[in-house]
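# Overview (structure and organization)
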Amino acid sequence: MATYLDLAKANDTIRHEQLVNKLETIRIQETAQQWFRSYLTVRTQRTKIGSTCNQKATIHCGILQGTILSALLFNIYANDIISLSLDSTIIAHADDTVLVTITNTWEETYEIAAMDLKTIHNHLEYHWLTLNTKKTTYTTYKATSNEKLQIQSIHMKIHRCQRARERYQCDDSSKNKIQKYSGIIIDEQLKWKEHIELTVKKLRKLMHPLYNLSQIVETQPMKAVYFALAHSII
């Protein structure tokens, strides 16, 4: 089973002081640390409604989104999630994080996944990050459809209570039969039908433009266009 984690407003809740401390932990040089500290901390904001403005306030949280540094700084801030002591396996690619749980029975799988999600939830809260329970979903991967009835009787909980093993009124995680992860569509029986269909659809749209271009462009530039537009999709 794979649980796909989603963080609520992740970039907006990053604490500057904790981020700078992590830069020191990974042995960023002092000069670079000072530069990052200046980049993060010497910022203010104010609100304007009509002709009225409030006083400037210093920003203590958040990193600018859409910049080259934003993804890098977020990964540095949140990368210690992979070092947590869990029974499941964490797979992280940029800000896409997946919790993979493998056991002998579905009951045990759900129980371990719920306990590990509780650990992750507590870890994120400590670092001022919030797990978006409404967008955190899971998919049960199985070889055949015979396991359907057994799986339907179990519900995945995201425990924010103190007893992850018991069934309290915590948030239910949504179950998806198909999940998109890092540009790849994965179905619960790993047949890849949806991903293949989407890939073929994208390539089909390129066939006519590429053919027309091949009539006027030499081989070498044509290869560059192919690898940029078509090969990157495959």
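Residues numbered from 1 in each chain as written. Predicted model: local features only at pLDDT ≥ 70, side-chain atom pairs only at ≥ 80, totals over all residues. Heavy atoms only, no water.

## Looking at the pattern of salt bridges
Applying the stated criterion to the full structure yields 3 salt bridges. With a shortest N-O distance of 3.0 Å, lysine 22 and aspartate 80 are connected by a salt bridge. Here lysine 22 is found in helix α1 (residues 16-25), whereas its partner aspartate 80 is found in the loop between α3 (68-78) and β6 (89-93), with 58 residues between them in sequence. Taking the relative accessible area as the measure of exposure, aspartate 80 reaches 23% and is therefore partly exposed. (Salt bridge = Lys/Arg side-chain N within 4 Å of Asp/Glu carboxyl O. Helix = DSSP H or I, 4+ residues; strand = E, 2+ residues; numbered from the N terminus. Buried < 20%, exposed > 50% of the residue type's maximum accessible area, 1.4 Å probe, protein only.)

## Brief notes about unusual backbone geometry
Here the phi dihedral of serine 182 falls at roughly 50 degrees; this positive angle occurs in a residue that is not glycine. Its place among the elements puts serine 182 in the loop between β12 (178-181) and β13 (184-187).

## Focus on the side chain of aspartate 187
With respect to the helices, strands and loops of the structure, aspartate 187 is situated in strand β13. Lysine 191 is the oppositely charged side chain nearest to the buried, salt-bridge-free aspartate 187, at an N-O distance of 6.8 Å. Within polar-contact distance, the side chain of aspartate 187 engages the backbone nitrogen of lysine 191 at 2.9 Å. Here aspartate 187 is in contact with Tyr141, Lys177, Ile178, Trp192, Lys193 and Glu194, once residues within four sequence places are set aside. (Lys, Arg positive; Asp, Glu negative; His and termini not counted. Polar contact = N/O pair within 3.5 Å; in protein donor to acceptor, adjacent residues only side chain to side chain. Contact = heavy atoms within 4.5 Å.)

## Considering the packing of α1 against helix α2 (residues 30-41)
Running from N to C, α1 and α2 point in directions that differ by 165 degrees, and their axes come no closer than 10 Å. The angle between α1 and α2 falls in the class roughly antiparallel. Of the two possible hands of crossing, α1 and α2 adopt the one that is right-handed. Two secondary-structure elements touch here, α1 through His16, Glu17, Leu19, Val20, Leu23 and Glu24 and α2 through Gln33, Phe36, Arg37, Leu40 and Thr41. Taken together, the residues of the contact of α1 with α2 break down into 5 nonpolar, 3 polar and 3 charged. (Axes fitted to C-alpha atoms, helices over the stretch in contact; angles between N-to-C directions. Parallel < 35°, antiparallel > 145°, perpendicular 65-115°, else oblique. Left-handed = near helix turned anticlockwise from the far one by under 90°. Nonpolar A, V, L, I, M, F, W, Y, C, P; charged D, E, K, R; others polar.)

## Remarks on the side chain of asparagine 132
Turning to its location among the elements, asparagine 132 is positioned in the loop between α4 (106-126) and β8 (137-139). Given the relative accessible area of 18%, asparagine 132 is considered buried. A polar side-chain atom of asparagine 132 sits 3.2 Å from the main-chain amide nitrogen of lysine 134. Beyond its immediate sequence surroundings of up to four residues, asparagine 132 is in contact with Asp6, Leu7 and Ala8.

## What to know about the pairing of strand β1 (residues 2-5)
Along β1, one buried face is formed by Ala2 and Tyr4 and the opposite face, lined by Thr3 and Leu5, is buried too. Pairing analysis gives 4 bridges linking β1 to strand β7 (residues 96-100), with the strands arranged antiparallel. Each bridged residue has a counterpart across the sheet, and for alanine 2 the counterpart in β7 is valine 100. As paired elements, β1 and β8 share 3 bridges and run antiparallel to each other. In the strand pairing of β8, threonine 3 is matched with tyrosine 138. (Pairing = 2+ DSSP bridges.)

## Overview of the packing of α1 against α3
Where α1 contacts α3, the two axes come as close as 9 Å, and the packing angle between them is 80 degrees. Here α1 lies roughly perpendicular to α3, going by the angle between them. Side by side, α1 and α3 meet where Gln18, Leu19, Lys22 and Leu23 of the first sit next to Leu73, Ile76, Tyr77 and Ala78 of the second.

## Looking at the sheet that holds β7
What the 5 strands build is an open sheet, ordered β6-β7-β1-β8-β11; its pairing is mixed. Across the chains shown, the open sheet's two edge strands, defined by having one partner strand only, are β6 and β11 (174-175). Both β6 and β7 contribute to a ladder of 5 bridges, which runs antiparallel. Across the sheet, histidine 93 pairs through a bridge with aspartate 96, a residue of β7. In the packing of α4 onto the sheet, the strands contacted are β1, β6, β7 and β8, and the crossing angle to β7 comes to about 140 degrees.

## Overview of the confidence of the model for the protein chain
A low pLDDT means the predicted coordinates there should not be read in detail. Of all residues in the protein chain, 87% have pLDDT values of 70 or greater, and the mean over the chain is 83. Mean pLDDT across the elements of the protein chain ranges from a minimum in helix α5 (residues 148-152), with 54, to a maximum in helix α6 (residues 193-214), with 93. (pLDDT = per-residue confidence, 0-100.)

## Structural notes on the packing of aromatic side chains
One pass over the full model with this rule turns up 6 aromatic pairs. Judged by centre distance (5.2 Å) and plane angle (85 degrees), the rings of tryptophan 35 and phenylalanine 36 are edge-to-face. Exposure remark for tryptophan 35: the relative accessible area of 48% places this residue in the partly exposed category. The interplanar angle of 85 degrees and the centroid separation of 5.7 Å between the aromatic rings of tyrosine 110 and tyrosine 138 together place this pair among those described as edge-to-face. On the criterion of sequence distance, the pair formed by tyrosine 110 in helix α4 and tyrosine 138 in strand β8 is long-range, its members being 28 residues apart. Pair check on accessibility: tyrosine 110 and tyrosine 138 agree, each one buried. These aromatic residues form a ring-pair network of at least three members: Trp35, Phe36 and Tyr39. For the cation-ring pair, arginine 15 lies above tryptophan 128, with the distance from its terminal atom to the ring centre recorded as 4.1 Å. (Phe/Tyr/Trp six-rings, centres within 6.5 Å; stacked < 30°, edge-to-face > 60°. Lys NZ or Arg CZ within 6 Å of the ring centre and 35° of its normal.)

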